[in-house]
Amino acid sequence: MQKIWSGLPEWLPLPAGGQIAAIIQDAASGMVLMLVDLNQEALARLAATGRVHYYHPGKRKVVAKGEASGHFQEVVEIRLSCGGDQLVLKVRPAGGACELGYASCFFRTLGPDGWKIADPKVFDPEEVYPEIAFSH
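Residues numbered from 1 in each chain as written. Predicted model: local features only at pLDDT ≥ 70, side-chain atom pairs only at ≥ 80, totals over all residues. Heavy atoms only, no water.

Asker: What am I meant to see in the pattern of salt bridges here?
Answerer: If the charged atoms of two oppositely charged side chains come close together, the side chains can form a pair. Counted by the stated rule, this structure contains three salt bridges. When the shortest N-O distance is used, the salt bridge between Arg 45 and Glu 41 registers 2.6 Å. On the criterion of helical spacing, the pair formed by Arg 45 and Glu 41 is a turn pair, its members being four residues apart in helix H2 (residues 40–49). Exposure remark for Arg 45: the relative accessible area of 33% places this residue in the partly exposed category. Put simply, Arg 79 and Glu 77 hold a salt bridge, and the shortest N to O gap is 2.9 Å. Residue classification places Arg 79 among the partly exposed positions, given a relative accessible area of 45%. Under the relative-accessibility criterion, Glu 77 is labelled partly exposed at 29%. (Salt bridge = Lys/Arg side-chain N within 4 Å of Asp/Glu carboxyl O. Helix = DSSP H or I, 4+ residues; strand = E, 2+ residues; numbered from the N terminus. Buried < 20%, exposed > 50% of the residue type's maximum accessible area, 1.4 Å probe, protein only.)

The analysis is restricted to geometry; functional conclusions fall outside its scope.
Set out below in structure tokens:
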């Protein structure tokens, strides 16, 4: 357990609804990797492990980032917004963040001709997540 995070669930009163939005950012590069929701359980698991856990709306439960892929994210810094209702978690990622194989979930850019893929894939999602049918 990382002692610095041990009081996190108590230090952070959650806003109405019981969840707080968190930007996950690569601590070294500054790249935004993900945007997730954290609830009390996710905060408690982060505090216990030092790794990103978040509420996964599709699974309707808290999951560890990397539990299926091995692409864990070690939290190195936590920042709270001025309104106390948003977080930035600076992390050391151990692989890509996006289930489609990219380093960041934000791999598309909008140009004059529409959306384009701006970043290369860093892993093959069909190898990492063989149980998911990738149609998008």
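There's more to say after this.
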